[in-house]
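Next come the chains, spelled out residue by residue.
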Amino acid sequence: MKNLKNADLHCHSLVSDGTLSPSQVASRAHTNGVQLWSLTDHDEISGQQEAQAASLALGMPYLTGVEISVTFLHQTVHIVGLGFDPDNHVLQQGLAQTRGGRAKRAQAMALDLEKKGIQGVYEGALGLAENPDLISRAHLARYLVQIGLCKTTQEVFRRYLVEGKPGFVPHQWASLQDAVGWIRAAGGMAVIAHPARYGFNATEEDALFSEFKRHGGQGVEVVTGSHHPSEYSTYAAKAKAYDLYASRGSDFHSPEESATDLGQLDYLPPDLEPVWWALQPRIQHPH
Ligand code: AMP
Ligand code: MN
Ligand code: MN
Ligand code: MN
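Residues numbered from 1 in each chain as written. Chains lettered and ligands numbered in written order. Predicted model: local features only at pLDDT ≥ 70, side-chain atom pairs only at ≥ 80, totals over all residues. Heavy atoms only, no water.

Trainee: Can you explain the packing of helix α1 (residues 22–31) against helix α2 (residues 48–57)? Please cite residues and give values.
Mentor: At their nearest, the axes of α1 and α2 sit 8 Å apart, and the two run at 35 degrees to each other. Crossing of α1 over α2 shows right-handed handedness. Contacts between α1 and α2 involve Pro22, Ser23 and Ala26 on the former and, on the latter, Glu50, Ala51, Ala54 and Ser55. Looking at the contact of α1 with α2 residue by residue, the class counts come to 4 nonpolar, 2 polar and 1 charged. (Axes fitted to C-alpha atoms, helices over the stretch in contact; angles between N-to-C directions. Helix = DSSP H or I, 4+ residues; strand = E, 2+ residues; numbered from the N terminus. Left-handed = near helix turned anticlockwise from the far one by under 90°. Contact = heavy atoms within 4.5 Å. Nonpolar A, V, L, I, M, F, W, Y, C, P; charged D, E, K, R; others polar.)

This is the structure in structure tokens:
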């Protein structure tokens, strides 16, 4: 495992806002040469059993995973949890609480769009969400593409559903302390997801990294499909400065939408400590 390079520890299935089943994502990861995999659906771990079984059946080692939505400095930040016990009640209850507000939020977003003349978005998005408890802006975006309002979901996220645009509704997610605490309570490692995505200034970003460390967070994504390759070195330096393990993951959602496929990213820079070194005892191996 020390020489392992092609780990993909961030991606989504239809248990949250991906479009493939956990087993289909497992097959795709395996086909693409992934040597260690984790399915990290948003705020939801009900796909873990299927993901792990499919992964091990393919001979591909597995780590449990989740991506928790957090509000930090009035922004949404994502914290990935890896290698936790999926039966842990603290984690299960925390996730149930944090995803609980999603239906009302989606309804409020749809109502705002309705005021701008776009009808039926909640019902339409719900029809595209396999898991009704996990309706995400990605589902609303797909519906807006389906009705021809935009050509791609990327276009939707430029014109709608983001701050200052129609359909945006601010939301209070979990606190950073709670999210890291739930992951740790379940024996897992907390990892800052795609740090370049947040648009924090240097002071705010330092606050995120410092508080994350203080609460017991241990990792940061350096190579991710949600970063531009030019950002890898910035966060490699951050990992060293804050003494964090480095992670790698495609953030794959769907063959149609995702720019980065499973297992296709650059490898981690060689002078970092990968999260999978520290997570060795938590990795499930095929029999
Ligand atoms: P939510 O958790 O409901 O706020 O939805 C966030 C999800 O929407 C993300 O996990 C992505 O799947 C998708 N998303 C957000 N912003 C963008 C963007 N700019 N381009 C494409 N997808 C996005
Ligand atoms: Mn998503
Ligand atoms: Mn994310
Ligand atoms: Mn993600």
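Trainee: Just give me the short version of the coordination of the manganese ion (ligand 4), but keep the residues and values in it.
Mentor: Distances from the manganese ion (ligand 4) to its protein donors, His10 (NE2), His12 (NE2), Glu67 (OE) and Asp251 (OD), fall within 2.1 to 2.2 Å. In terms of primary sequence, the donors binding the manganese ion (ligand 4) are separated according to H-x1-H-x54-E-x183-D. The metal-metal distance between the manganese ion (ligand 4) and the manganese ion (ligand 2) comes to 4.7 Å. One end of the pair, histidine 10, is in the loop between β1 (7–8) and α1; the other, glutamate 67, is in strand β3 (residues 65–72), and 57 residues separate them in sequence. Residue classification places histidine 10 among the buried positions, given a relative accessible area of 0%. On the accessibility criterion, glutamate 67 (1% relative accessible area) is buried. (Donors = N, O, S within 2.8 Å, 3.2 Å for Na, K, Ca; no water. Buried < 20%, exposed > 50% of the residue type's maximum accessible area, 1.4 Å probe, protein only.)

Trainee: Can you explain α2? Please cite residues and give values.
Mentor: All of the buried residues in α2 are Gln48, Ala51, Ala54, Ser55 and Leu56. Two residues or fewer past α2, glycine 59 is found with a positive phi of approximately 80 degrees.

Trainee: With reference to specific residues and values, describe the sheet that holds strand β5 (residues 189–192).
Mentor: Reading across from one edge, β3-β4-β5-β6-β7 is the order of the 5 strands in this open sheet, with mixed pairing throughout. For this open sheet the edge positions go to β3 and β7 (245–249), each flanked by a neighbour on one side alone. The sheet shows a mean angle of 40 degrees between the axes of neighbouring strands, direction not considered. As paired elements, β3 and strand β4 (residues 75–82) share 8 bridges and run antiparallel to each other. By the bridge assignment for β4, threonine 71 is matched with threonine 76. Here helix α8 (residues 176–185) sits on the sheet and contacts β3, β4 and β5; the angle it forms with β3, its principal contact strand, is near 160 degrees. (Pairing = 2+ DSSP bridges.)

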